[in-house]
Amino acid sequence: MPTVRLHDLEFEPYISEAEVLAAVDRVAAEIEAHYADKRPLFIGVLNGAFAFAAELMKRLTIDCEITFVKVASYHGTSSTGTVTDLIGFNERIEGRHVVVLEDIVDTGNTIVHILELLKERHPASVRVASLLFKPEAYKKDVTIDHVALSIPNYFVVGMGLDHDGLGRNLRGIHRLIQNPQ
Ligand code: 5GP
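Q: Is there a simple way to think about the overall build of the chain in this case?
A: The number of helices and strands found in the chain is three helices and nine strands. For the chain, the C-alpha radius of gyration of 16 Å lies close to 16 Å, the compact-globule estimate for 181 residues. Along the three orthogonal principal directions, the C-alpha set of the chain runs to about 55 × 35 × 25 Å. Across the 181 residues in the chain, those meeting the buried criterion constitute 50%. Considering only contacts within the chain whose residues lie at least 6 apart along the sequence, 67% involve residues at least 24 apart. A total accessible area of about 9,100 Å² is found for the chain, and carbon and sulfur atoms account for 48% of it. Within the chain, the 25 negative side-chain charges are centred at a point lying 2 Å from the centre of the 18 positive side-chain charges.

Here is the structure:
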């Protein structure tokens with residue numbers, strides 16, 4: 001499989017699209033079992049979670065709704081861990097069963113901050129589903145309830161994840177080649 005150049009960096013295929021979609025199948029089944037009759041409200045964290053959100057939604061047969069939220073938090077290839085606000089988020093979530101959809105949970109700073117901001121709005125419950133999770137980087141106590149794939153501390157792109165805007169459209173997950181020849 002060919003490597004991909006995005007701006008100044010080179011990425012190699014890491015997890016195939018088929019493998020990622022099989023993992024999304026599993027997460028969808030977990031969520032279906034947990035939320036039957038609860039009409040969950042999914043909140044996809046933009047920009048990265050759009051692809052995971054779409055794949056997940058296609059697999060659900062229970063009544064559910066989806067909306068999206070944007071946060072400003074990340075630049076370059078290491079997490080800055082600062083979330084300022086939920087940009088333009090006016091959804092009423094009081095009494096709702098909320099599932100936050102993330103592309104990746106790294107240190108956990110972003111998701112924990114998002115959860116704090118959402119809990120101020122008194123949802124009935126909040127859980128987290130993430131396409132990718134980096135357990136070695138994770139520094140928080142909050143449980144990431146539904147994880148499609150756990151990965152080591154690689155910087156990855158594809159399936160919604162970008163490097164400076166590029167790579168979101170790649171099928172499957174690609175990882176950064178540290179010292180390309
Ligand atoms: P955290 O706050 O958990 O450290 O980082 C979460 C955010 O950092 C993610 O939503 C994502 O935007 C970004 N991030 C963390 N690791 C990666 C990675 O390997 N690739 C990309 N493209 N973004 C990442």
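From this point on, the discussion continues.
Q: Before we go on, may I ask you to explain the site of the ligand in this structure?
A: Taken together, 17 residues lie near the ligand, and T107, G108, T110, V156 and D162 sit nearest. Between the ligand and G108 there is a distance of 2.8 Å, counted from an oxygen atom to a backbone nitrogen or oxygen. The separation between a nitrogen atom of the ligand and a polar main-chain atom of V156 is 2.7 Å. In isolation the ligand exposes 510 Å². Once the protein is present, 94% of that is buried. If you list the elements that add at least two residues to the shell around the ligand, you get β5 (97-105) and α3 (109-119). For the shell around the ligand, a count of residues per class yields seven nonpolar, five polar and five charged.

So, how was this worked out
Residues numbered from 1 in each chain as written. Predicted model: local features only at pLDDT ≥ 70, side-chain atom pairs only at ≥ 80, totals over all residues. Heavy atoms only, no water. Helix = DSSP H or I, 4+ residues; strand = E, 2+ residues; numbered from the N terminus. Rg over C-alpha atoms; globule rule 2.2 N^0.38 Å. Buried < 20%, exposed > 50% of the residue type's maximum accessible area, 1.4 Å probe, protein only. Contact = heavy atoms within 4.5 Å. Areas by Shrake-Rupley, 256 points an atom, 1.4 Å probe, with all protein chains shown as cover. Lys, Arg positive; Asp, Glu negative; His and termini not counted. Charge placed at Lys NZ, Arg CZ, Asp CG, Glu CD. Near = heavy atom within 4 Å. Polar contact = N/O pair within 3.5 Å; in protein donor to acceptor, adjacent residues only side chain to side chain. Nonpolar A, V, L, I, M, F, W, Y, C, P; charged D, E, K, R; others polar.

This is a description of form; function is not addressed.
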